[in-house]
Amino acid sequence: MTNTTAHDAAERPGAGSPIVHTENLSKHFGAQVAVDELTLAVEEATIFGFIGPSGSGKTTTVRLLAGVQTPTSGSVSVFGKSPGDFSERERANIGYMPQLSVLFPHLSIMENLRFVASIYGMPWGRRARLAEVLEFVELTDHRRKRLREASGGMQRRLSLAAALVNEAQLLFLDEPTTGIDPVLRRKFWDHFESLRDEGRTLFVTTQYVGEAAYCDQIGVLREGRLLTIDTPEGLRRQAYGGEVIDLIVAERIEQDMITEVQRLDYVLHAQRTRVDGRGMRITVDDADPVIPQLQRWLDERGVPVESVDRYLPPFDDVFVKLVESEGPNELTGVSDAFEDQEAAEPAISVSDPPSDGDWDELVERDDRTGETRS
Amino acid sequence: MRRIIRTGAFVRKEIMQVLRQPGLMVSLVLGPFAILLLFGSGLREEDPAVKTIFVVPSDSRIAQEVEQFAQAQSERLTVEGVQQDEEDALRRLRRGDVQMVLVFPENAEGTIRGGEQAQVNVYHDQIDPLETQAIQLFTRTGVDEINQQVLRELVRSGQEESADVDQRLAAAKASVDALNQQLSGDGDAQQQLQLAQGDLAGLALALGPSLAVLGGIQETSGPGESAALLEAYQAFTASSDQLGQANDASSIDAQQVSQLADELDTLEQELETFQSLSPEVIVSPFAGSAQRVVEGSVQLVDFYAPAVLALLVQHMVVTFVALSIVRERELGTNELFRAAPVTTAEMVIGKYVAFAIMGAVIATALVLGLIYSLGVPMVGSWPIVLTTIGLLLLASTGLGFLVALAANTDSQAVQYAMLLLLASIFFSGFLLSLERFRPVLTWLARVLPVTSGVVLLRDEMLRGQLTQPLHLTLLAVLAVILFVAAWRLFRRRLYAS
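Residues numbered from 1 in each chain as written. Chains lettered and ligands numbered in written order. Predicted model: local features only at pLDDT ≥ 70, side-chain atom pairs only at ≥ 80, totals over all residues. Heavy atoms only, no water.

Things to note about the sheet that holds strand 3 (residues 100-103) of chain B
Residue and element names in this part refer to chain B. Strand order in this open sheet of four strands is 2-1-3-4, and the pairing throughout is mixed. The open sheet is flanked by strand 2 (77-83) and strand 4 (121-124), the only strands paired with a single partner. Adjacent strand axes in the sheet meet at a mean angle of 20°, parallel and antiparallel pairs treated alike. Alignment of strand 1 (residues 50-55) against strand 2, held across six bridges, turns out to be parallel. Residue pairing for strand 2: Lys-51 is matched across the bridge by Thr-78. Where helix 4 (residues 86-95) meets the sheet, it contacts strand 1, strand 2, strand 3 and strand 4, and its direction lies at approximately 160° from that of strand 3. The strands that helix 6 (residues 129-160) touches are strand 2, strand 3 and strand 4; relative to strand 4, the one it contacts most, it runs at about 160°. (Pairing = 2+ DSSP bridges. Helix = DSSP H or I, 4+ residues; strand = E, 2+ residues; numbered from the N terminus. Axes fitted to C-alpha atoms, helices over the stretch in contact; angles between N-to-C directions. Contact = heavy atoms within 4.5 Å.)

Have a look at this one:
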């Protein structure tokens, strides 16, 4: 699997025209501002990731876009229409997965899925489609289980199956991978990518910032305000001011050497990173041509290099850096918010205990994105 | 086609949800029905006998009448004793050994002779207003019965004393006839006048008390068999008084004496008739007998069974509907409905159809259960009974929507449904007739679908005809109004954010 970019997206069918567009969209609940002057455009046949701490307004935004709630001010356009004016056909072309399980606990998993298929007007000959989505979310063996007896993870998988069942052109998925085990989470993202490649558009919120890597465009939301929209790579650049190279040498790096590196034309910034003093993180404009030049420069000076590689910072760090740029007074709060979120909403839910595969999956994802975790 | 599929989704979902909650079915349908079954099989048709002590003073001349009365009350009263000690009787009442004590007054005869009513005091320990009312009624009818018994005895003794009256009447007639002859001849009219005055006064004295009692009876029970006798007696006393005031025989008109003689003849005839009459007929000239024009016999359980059916149908449907809607709201399923292409009309109709189907099945089972297990009569038309149940189901579904829209949680919905049940028990005519309420409340009660349901089902099942067919129209109108209100308010609530 390869990382996707906005450029890749532009080559897919339908890409390029905004299917979702908001202009100064706001939603207030009394004095509380849930979404504040949000302006964004989601192009067709892309995956738009929406990331932010708990309470940042992700779910409210999804509800506004899906027509579940009405805006206080501003405008929303989906399929070129305000959600309030959706016809039956447009609604049938939207798949919606709410943040929480909203289906019926006394009905079985299959009965719930059948119910959702019916309210989307899917005709009686839908058996194959129901079986297909159940198989995809790995609930075939549990199809007769009542929802109240299903684990939290199973309930999320059913919600995702319900959002996918009507083969909609536009999918609003509110935290589809929460409570899902890492292997299945990866499977879901692969499927989202294949849906996008078929020309469908996905608007996905997630609490796992690492999942931003799977998106074509990412919007970062905080306290109802959109901080930025960019590609995953673009966000890293924004956060660090360029690309990052990690250098590790055999001996302790002296301050004189750091000063010399900083004076190089192609270096934007350099700082010591390791406790033993043998590491240096160097920010450059474009890492690929710089790495051989830097290697040569170090060799000429007889510096015993152990490794010099491009560093892809984890998105957790990227997002913290991005929100840091909002102002020093807000930094602590934002960091806490992300930490609180991780603490309150663990990647693996109580109903799905962490397995050995969880860490393997993280390593696997790191291989894919090139991220290293500190 | 898609509309049918979407509506059908709700029909299927609602039915499945209810079937998957057998506890709900038991508590809402089977439970009340089992209670009704127990009520029907365990209820005694006759009123429970009240343990009673009669207190009669030792020297009372009515003791015998009281004893007879007490014995005659075995259906209503369990007579624990007829005694003289009032304090002991009241002590036993306070202890709860008996429920009622009847105390007859001392020297009742003297009180009556003194022109006053003798008071019978009834003491009881009931706190139930209905039981208290029953005891008040019993006191009235009981005292009436004792009065009648006393009167019967008086009449009987009056009749027995008639031999003496006959002699006096014969003497009076002879004296008047003699006076009449002497007034037209040369005899000593003055002496005969004095004799006649004495005989007439003796007759008036003999007849007076008995006919005074008869006069009293006539005042209370209306003109009866003794009316002619009293009239004849009044005419006689008027003429007799006139003759009694005369001091000189020369001042007496012979025609006046002849008239008196005729009146004595009439009195004699009426007395003969009176003596031949039964004291029962004289004291109680009218006897009452209630005849029901409705065919078949209706027991207490039969009377309540159709009302329980109406109440169960309304309560069951209101609770099911309210819980369904509130739980969808609590779960957040409304979020999904707002995003999906389903319309509120499809949702509302789907729920109506689902609960109409379930309600019809359950109501049919209940009706058959009432008829075949409790033996409740069904003398009316099945189409009218089924139409009533159908309209009741539709109206109750609408009411369930309103309950759901007022409630925020499922426990609140259950509470509101229970309040509605309570209001229905009190104001629907289930327990008390609607006529017992003030007009405003009567009209408010008609807003409850069960009110019309109770009237219609009772009439059709027990009478075999509708005495108030307007209730059928009222129920239909109510069903339509509640449907429109449910639809509009449900849509408003669903899209309110």
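Now that the structure has been shown, we can carry on.
Here we look at the side chain of Ser324(B)
Assignment of secondary structure puts Ser324(B) in helix 12 (residues 300-331). In contact with Ser324(B), not counting residues within four places along its chain, are Lys13(B), Glu14(B), Lys351(B) and Phe355(B).

Observations regarding unusual backbone geometry
Residues and elements named next belong to chain A. Phi at Glu-37 takes a positive value of approximately 50°, unusual for a residue other than glycine. If you trace the backbone, Glu-37 turns up in strand 2 (residues 32-43). Using a relative accessible area of 47% as the deciding quantity, one classes Glu-37 as partly exposed. Although it is not a glycine, Glu-223 sits at a positive phi angle of roughly 50°. Tracing the sequence through the fold places Glu-223 in the loop between strand 8 (217-222) and strand 9 (225-230). (Buried < 20%, exposed > 50% of the residue type's maximum accessible area, 1.4 Å probe, protein only.)

Points about the sheet that holds strand 10 (residues 243-249) of chain A
Adjacent strands of a sheet form backbone hydrogen bonds with each other and so pair up, either parallel or antiparallel. Residue and element names in this part refer to chain A. Strand order in the open sheet formed by four strands is 11-12-10-13, and the pairing between neighbours is antiparallel. Because the sheet does not close on itself, it has two edges, and the strands there are strand 11 (267-272) and strand 13 (305-311). Averaged over neighbouring strand pairs, the angle between their axes works out to 20° when direction is ignored. In this structure, strand 11 lies alongside strand 12 (residues 279-284), joined through five bridges in antiparallel fashion. Note that in strand 12 the partner of Arg-272 across the bridge is Met-280.

Some thoughts on the packing of aromatic side chains
Inspection of the entire model under this criterion finds 22 aromatic pairs over all chains. Ring plane angle 65° and centroid distance 6.0 Å describe the contact between Phe115(A) and Phe337(B), whose orientation is recorded as edge-to-face. Of the two residues, Phe115(A) is situated in helix 4 (residues 109-119) and Phe337(B) in helix 13 (residues 333-339); the pairing between them involves two chains. Look at Phe115(A) and you get buried, because its relative accessible area is 3%. Taken together, a centroid distance of 5.2 Å and an interplanar angle of 80° make the contact between Trp189(A) and Phe192(A) edge-to-face. Taken together, the positions of Trp189(A) and Phe192(A), both in helix 7 (residues 182-197) and three residues apart, correspond to about one turn of that helix. Taken together, the ring pairs connect Tyr352(B), Phe401(B), Phe483(B), Trp487(B) and Phe490(B) into an aromatic cluster. A cation over a ring is seen here: Arg446(B) above Trp443(B), with NZ or CZ 4.8 Å from the ring centre. (Phe/Tyr/Trp six-rings, centres within 6.5 Å; stacked < 30°, edge-to-face > 60°. Lys NZ or Arg CZ within 6 Å of the ring centre and 35° of its normal.)

So, the pairing of strand 7 (residues 201-206) of chain A
Residues and elements named next belong to chain A. In terms of burial, strand 7 is a largely internal element, six of the six residues being buried. Burial of strand 7 is two-sided: the residues Thr-201, Phe-203 and Thr-205 facing one way and the residues Leu-202, Val-204 and Thr-206 facing the other way are all buried. One ladder, built from five bridges, connects strand 6 (residues 170-174) with strand 7; its direction is parallel. Across the sheet, residue Phe-172 finds its bridge partner in strand 7, namely Phe-203. Handedness of the strand 6-helix 7-strand 7 crossover: right-handed. (Right-handed = clockwise from strand over helix to strand, strands pointing away.)

Here we look at the interface of chain A and chain B
Every contact between the two is made by 33 residues of chain A and, on the other side, 26 residues of chain B. Buried area between chain A and chain B, summed over both chains or domains, comes out near 2,900 Å², and the portion from carbon and sulfur atoms is 61%. When the buried surface of chain A facing chain B is broken down by residue, Glu88(A), His106(A) and Ile119(A) rank first, second and third, together holding 21% of it. Counting across the interface, chain A meets chain B through ten residue pairs in polar contact (both at pLDDT 80 or more). Secondary-structure elements contributing two or more residues to the side of chain A that touches chain B are helix 2 (58-66), helix 3 (88-92) and helix 4 of chain A. (Buried area = accessible area lost by both parts, 1.4 Å probe. Polar contact = N/O pair within 3.5 Å; in protein donor to acceptor, adjacent residues only side chain to side chain.)

Observations concerning the layout of surface pockets
Residues and elements named next belong to chain B. Estimates place the volume of the largest pocket at around 1,600 Å³. Around the largest pocket sit 47 residues that line it, and Leu-130, Leu-300, Phe-303, Tyr-304 and Leu-431 are the ones nearest its centre. Where the lining of the largest pocket is concerned, the elements lending two or more residues are helix 6, helix 12 and helix 18 (449-463). No other element matches the seven residues that helix 6 contributes to the lining of the largest pocket. (1 Å grid on protein atoms, 1.4 Å probe; cavity = no way out; pocket = protein on both sides within 12 Å on 5 of 7 lines; lining within 4 Å. Points joined across faces, edges and corners; volume = space filled by probe spheres on them.)

Quick word on the environment of Leu235(A)
Residues and elements named next belong to chain A. Note on placement: Leu-235 falls in helix 8 (residues 232-240). Classification of Leu-235 by relative accessible area gives buried; the value is 0%. With 18 residues separating them in the primary sequence, Leu-235 and Gln-217 have C-alpha atoms 9.5 Å apart. Beyond its immediate chain neighbours, meaning those up to four positions away, Leu-235 contacts Ile-218, Val-220, Thr-228, Asp-230, Val-318, Phe-319 and Leu-322.

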